[in-house]
Amino acid sequence: MHELSIAQGIIEVCEQHAGGKRVKSVSVQIGALSGVVPEALEFCYEAAVNGTLLEGSMLEIERIGATAFCECCGAVAEIEHFTDSCPCCGGFPLEIRSGEEMRVKELEVD
Ligand SMILES: [Zn+2]
């Protein structure tokens, strides 16, 4: 499963930064265009943290909306998919400005 490898990636990053301490909570940012399903990630995370420094920690997911810039009319619009055209003028393609994020924002250690 896609989300399982992402969960393992999050755990790896956190263990590197935790300095051997137990991690209490982790905040991650997930963009609407990242292809990550937050619910699936939570599920995989809970399974993947067993036996790591992150066991029993909270996963806080911050969702980032997708926005894109339209070269045709200069609008910065909210979009849902990579393939969306400009809601203002119908221009395509759009330059993605946000929504592709998938990163660990911060972690809290003991
Ligand atoms: Zn436009």
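Draft legend 1. Geometry of the coordination of the zinc ion. Around the zinc ion, the protein contributes the donor atoms Cys 70 (SG), Cys 73 (SG), Cys 86 (SG) and Cys 89 (SG), at 2.3 Å from the metal centre. Donor residues for the zinc ion, ordered by position in the chain, follow C-x2-C-x12-C-x2-C. In this pair, Cys 73 is assigned in the loop between strand E3 (66–69) and strand E4 (76–79) and Cys 86 in the loop between E4 and strand E5 (95–98), connecting sequence segments 13 residues apart. Its relative accessible area of 38% is what places Cys 73 among the partly exposed residues. On the basis of relative accessible area, Cys 86 is assigned to the buried category, the value being 4%.

Draft legend 2. Representation of the sheet that holds E4. The strand order across the open sheet built from three strands is E4-E3-E5, with neighbouring strands paired in antiparallel fashion. The two strands at the open ends of the sheet, each matched to only one other strand, are E4 and E5. The average angle at which neighbouring strand axes cross in this sheet is 40°, direction not considered. Alignment of E3 against E4, held across four bridges, turns out to be antiparallel. Bridge pairing in E4 links Phe 69 to Val 76.

Draft legend 3. Spotlight on the sheet that holds strand E6 (residues 102–109). Strand order in the open sheet formed by three strands is E2-E1-E6, and the pairing between neighbours is mixed. With one partner strand each, in any of the chains shown, strand E2 (58–64) and E6 form the two edges of the open sheet. Put simply, the sheet's adjacent strands are angled 20° from each other on average, direction ignored. As defined by bridge partners, strand E1 (residues 23–31) adjoins E6 across seven bridges and the pair is classed as antiparallel. Across the sheet, residue Ser 27 finds its bridge partner in E6, namely Glu 106.

Rules and cut-offs
Residues numbered from 1 in each chain as written. Predicted model: local features only at pLDDT ≥ 70, side-chain atom pairs only at ≥ 80, totals over all residues. Heavy atoms only, no water. Donors = N, O, S within 2.8 Å, 3.2 Å for Na, K, Ca; no water. Helix = DSSP H or I, 4+ residues; strand = E, 2+ residues; numbered from the N terminus. Buried < 20%, exposed > 50% of the residue type's maximum accessible area, 1.4 Å probe, protein only. Pairing = 2+ DSSP bridges. Axes fitted to C-alpha atoms, helices over the stretch in contact; angles between N-to-C directions.

The quantities given are spatial measurements derived from coordinates; they are silent on function.
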